[in-house]
Amino acid sequence: RLLAAGVSLPGLQPGDPARVALEGYPGQLAHELIGRRSYKNSPLPDRLIARKDLVDRLEQGRTRLGLRLKLGHAAREQLVDDTSGDRLDAVLCLAQAAWAARQPRHGLPEVVDPVEGWIVGAAAPRAAV
């Protein structure tokens, strides 16, 4: 579908440079912010606390992305109260996309595996020794 849409897939497929598709992985950024704690698919108190911690850390800019999330009270409550975690996942991907938009080559390494692609914000692979 992405190829048919004609979007640019950096490192994989040229397309319309005004429409760029990148792969985000919200769990990667969530793990950076709150470790391996689960924040999704449950109304249990520990998951609520994890969602609050995620939002707090995004608002404080406590990521290596160098971005801070600005939210109004209602938006903050919607993120925290969404027990599925889908809204929070969307915000995490948005943060990754915002970071990529400010990077040369969208933050992608010089060589991208043509089968696997690349997840925005992933650490560059180390050279073989």
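Model, not experiment: these values are computed from the prediction.

Asker: Would you mind showing me how to read the packing of helix α3 (residues 45-60) against helix α5 (residues 86-101) here?
Answerer: Angle between the axes and distance between the axes: these two values describe a pair of packed helices. The N-to-C vectors of α3 and α5 enclose an angle of 25°; their axes lie 12 Å apart at closest approach. If you check the angle between α3 and α5, you find them roughly parallel. The interaxial crossing formed by α3 with α5 has left-handed handedness. Residue-level contacts link Arg-51, Leu-54, Val-55 and Leu-58 of α3 to Leu-88, Val-91 and Leu-92 of α5. Among the residues making up the contact of α3 with α5, the classes are represented as six nonpolar, no polar and one charged.

Asker: How do you make sense of the pattern of salt bridges when you look at a structure like this?
Answerer: Between side chains of opposite charge, a pair can form as their charged atoms come close. Inspection of every chain in the model, using the stated rule, returns seven salt bridges. Between Arg-37 and Asp-53 there is a salt bridge whose closest N-O contact spans 2.8 Å. Here Arg-37 is found in the loop between α2 (26-34) and α3, whereas its partner Asp-53 is found in helix α3, with 16 residues between them in sequence. Here Glu-59 makes a salt bridge to Arg-76, at a shortest N to O gap of 2.9 Å. Within this pair, whereas Glu-59 is found in helix α3, its partner Arg-76 is found in helix α4 (residues 73-81), the two being separated by 17 residues in sequence. Arg-76 sits in the buried class, given a relative accessible area of 17%. Connected through shared salt-bridge partners, Asp-56, Glu-59 and Arg-76 make up one network.

Asker: Looking at this model, I keep getting lost on the packing of α2 against α5. Mind explaining?
Answerer: At a minimum axis distance of 8 Å, the contact between α2 and α5 shows a crossing angle of 90°. If you check the angle between α2 and α5, you find them roughly perpendicular. In this structure, α2 uses Pro-26, Gln-28, Leu-29, Ala-30 and Leu-33 to contact α5, whose residues at the interface are Asp-89, Leu-92, Cys-93, Ala-95 and Gln-96. Here the contact of α2 with α5 is built from residues that sort into seven nonpolar, two polar and one charged.

Asker: Would you explain α4 in this entry?
Answerer: Because each turn of an α-helix spans 3.6 residues, side chains separated by three or four positions end up pointing in the same direction. Every buried residue of α4 is accounted for by Arg-76, Leu-79 and Val-80. One side of α4 carries all its buried residues, which in axial view fall inside an arc of 95°. Against α3 and α5 lie the buried residues of α4.

Asker: Looking at this structure, how should I read the side chain of Asp-89?
Answerer: Mapped onto the elements of the fold, Asp-89 is located in helix α5. With residues up to four places along the chain from it excluded, the contact list for Asp-89 reads Pro-26, Tyr-39 and Lys-40.

Conventions we followed
- Residues numbered from 1 in each chain as written.
- Predicted model: local features only at pLDDT ≥ 70, side-chain atom pairs only at ≥ 80, totals over all residues.
- Heavy atoms only, no water.
- Axes fitted to C-alpha atoms, helices over the stretch in contact; angles between N-to-C directions.
- Helix = DSSP H or I, 4+ residues; strand = E, 2+ residues; numbered from the N terminus.
- Parallel < 35°, antiparallel > 145°, perpendicular 65-115°, else oblique.
- Left-handed = near helix turned anticlockwise from the far one by under 90°.
- Contact = heavy atoms within 4.5 Å.
- Nonpolar A, V, L, I, M, F, W, Y, C, P; charged D, E, K, R; others polar.
- Salt bridge = Lys/Arg side-chain N within 4 Å of Asp/Glu carboxyl O.
- Buried < 20%, exposed > 50% of the residue type's maximum accessible area, 1.4 Å probe, protein only.
- Arc of directions from axis to C-beta.

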